[in-house]
Amino acid sequence: MATATKNSTASKKSQSNKTKNVQNKETKPKGNQNNNKSRQPSSKAKGPQHSNMVRNVTLVLALLGIGISVFALYVEVMKEMNPNYVALCDISSYMSCSKVLTSRYAKGFGIVDQIFSKDHILNQPNPVYGIMFYLLQALLALKATAAIALVQATLAILANIGSVYLGYILVYVLEDFCLVCITTYVVNFLLLGASLTKVWQTTMASSPSSKVSSKKKKK
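From a predicted model like this one, the values you see are computed outputs, not experimental measurements. Here the residue numbers are simple positions, counted from 1 along each chain's written sequence. Under the rules for a predicted model, residues below a pLDDT of 70 receive no local features and side-chain atom pairs below 80 are neither given nor counted, while totals for whole chains, interfaces and linings still include all residues. Side-chain numbers here rest on the full set of heavy atoms in the structure, without hydrogens or water.

A. Quick peek at the overall build of the protein. Going along the chain from the N terminus, every DSSP run of H or I of four or more residues is numbered as a helix, and every run of E of two or more is numbered as a strand. Each helix and strand in the protein was counted, giving eight helices and zero strands. Its helices and strands in sequence order give the protein the pattern α-α-α-α-α-α-α-α, from N to C terminus. Within the protein, the fraction of its 219 residues that count as buried is 31%. Summarising the internal contacts of the protein: among those between residues at least 6 apart in sequence, 65% fall at separations of at least 24. On the protein, roughly 14700 Å² of surface is accessible, and the fraction owed to carbon and sulfur atoms is 66%. Burial here depends on accessible area, computed with a 1.4 Å probe over protein chains only, as a share of the maximum for the residue type. Under 20% is buried, over 50% is exposed, and the range in between is partly exposed. It only takes one pair of heavy atoms within 4.5 Å for two residues to be counted as in contact. Only the protein chains shown count as cover for residues, and all accessible areas are computed by the Shrake-Rupley method using a 1.4 Å probe.

B. Layout of the packing of helix 5 (residues 126–140) against helix 7 (residues 179–205). Put simply, helix 5 and helix 7 touch, their axes get as near as 12 Å, and they point 25° apart. With respect to each other, helix 5 and helix 7 are oriented roughly parallel. Crossing of helix 5 over helix 7 shows left-handed handedness. On the side of helix 5, the interface is formed by Phe-133, Tyr-134, Gln-137 and Leu-140, while helix 7 contributes Thr-184, Val-187, Asn-188, Leu-191 and Lys-198. Under this scheme, a helix contributes an axis fitted over its contacting stretch, all axes are lines through C-alpha atoms, and angles between N-to-C directions fall in the 0 to 180 degree range. Orientation labels follow simple angle bins: below 35 degrees gives roughly parallel, above 145 gives roughly antiparallel, 65 to 115 gives roughly perpendicular, and whatever is left gives oblique. Helix crossings get a hand from a simple test, with the near helix turned counterclockwise from the far one by less than a right angle marking a left-handed crossing and a clockwise turn marking a right-handed one.

C. Structural view of the state of the cysteines. Disulfides are defined in this document as cysteine sulfur pairs within 2.5 Å. On inspection of all chains with the given rule, the structure shows one disulfide. Put simply, Cys-89 and Cys-97 are joined by a disulfide, and their sulfur atoms are 1.5 Å apart. Looking along the S-S bond of the Cys-89-Cys-97 disulfide, the torsion reads about 50°, which is the right-handed sense. Each member of the pair Cys-89 and Cys-97 is classed as buried.

D. Region of the structure containing the pattern of salt bridges. We define a salt bridge as a side-chain nitrogen of Lys or Arg found within 4 Å of a carboxyl oxygen belonging to Asp or Glu. This structure, assessed with the given rule, holds two salt bridges. Residues Lys-107 and Glu-80 are paired through a salt bridge, measuring 3.6 Å at the closest nitrogen-oxygen approach. Taken as a pair, Lys-107 in the loop between helix 3 (97–101) and helix 4 (112–115) and Glu-80 in helix 2 (residues 43–81) lie far apart in primary sequence, 27 residues in all. Here Arg-104 ties to Asp-113 by a salt bridge, and the two come within 3.7 Å at their closest N and O atoms. What makes Arg-104 partly exposed here is its relative accessible area of 38%.

E. Expanded view of the environment of Thr-102. Residue position: Thr-102 is located in the loop between helix 3 and helix 4. Of the residues examined, Thr-102 reaches a relative accessible area of 40% and is grouped as partly exposed. Counting along the chain gives 22 residues from Thr-102 to Glu-80, while the straight-line C-alpha distance between them is 7.6 Å. We call two N or O atoms a polar contact when they sit within 3.5 Å, provided that within protein one can donate a hydrogen and the other can accept it, with sequence-adjacent residues counted only if both atoms are side-chain atoms. One polar contact links the side chain of Thr-102 to the main-chain carbonyl oxygen of Ser-98, over a distance of 2.6 Å.

F. View of the confidence of the model for the protein. In predicted models, pLDDT denotes the confidence assigned by the predictor to each residue on a 0 to 100 scale. Taken over all residues, the pLDDT of the protein has a mean of 82, while the share at 70 or more is 72%. Ranking the elements of the protein by mean pLDDT puts helix 1 (residues 2–39) last with 50 and helix 5 first with 97.

G. Representation of the packing of aromatic side chains. Any pair of Phe, Tyr and Trp rings, taking the six-membered ring for Trp, is counted once the centres come within 6.5 Å. Such a pair is stacked with planes under 30 degrees apart, edge-to-face with planes over 60 apart, and tilted for the rest. For the coordinates displayed, the defined rule picks out four aromatic pairs. Ring geometry for Tyr-74 and Tyr-85: centres 6.3 Å apart, planes at 90°, overall edge-to-face. With a gap of 11 residues between them, Tyr-74 in helix 2 and Tyr-85 in the loop between helix 2 and helix 3 connect regions that are remote in the sequence. A relative accessible area of 44% places Tyr-74 in the partly exposed class.

Laid out in structure tokens, this is it:
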């Protein structure tokens, strides 16, 4: 009888040890899975970071464009008030921004006066249109929707078409190299890149595949 009880207790202990080993094996992979999940970077964290970067780049470029446009408008006004005024960007006879900013193409892009008249309300200095454009870009950068991104991209495309047109006038008609003008062309091109990036981001964020993947991650 003593040997039988000893065998039964030994068997019970062995069975309990086996069950503990099985439980430990089952719990270990779960811990590893949790660690792997915690190590994987979430796509949700990446999305806002990229959108914030595009927004900040757009704001910096828009502020730079506003500053350049204000300076160009100041040079134009000063040159009209004082023909002997020499601007900081007047480096030589072939590199003179005041020469360009006082030409007929510096107001209404040289088109409005041909369609309407010189005294028409739309025949404003080109820097005025530039200030309005950059202000719009800065305001629209604060909202991250597909519709607003499309408006930003459309405005940037129009601005770059204007840059190509004015660049042609600058080189082949006025035969001058305007540092202020070239800088605005570069800013417009960079704004176009930022706006197209925003269009891509908002389109991907609103696509059905991204919504399905986000729902799966929530589950």
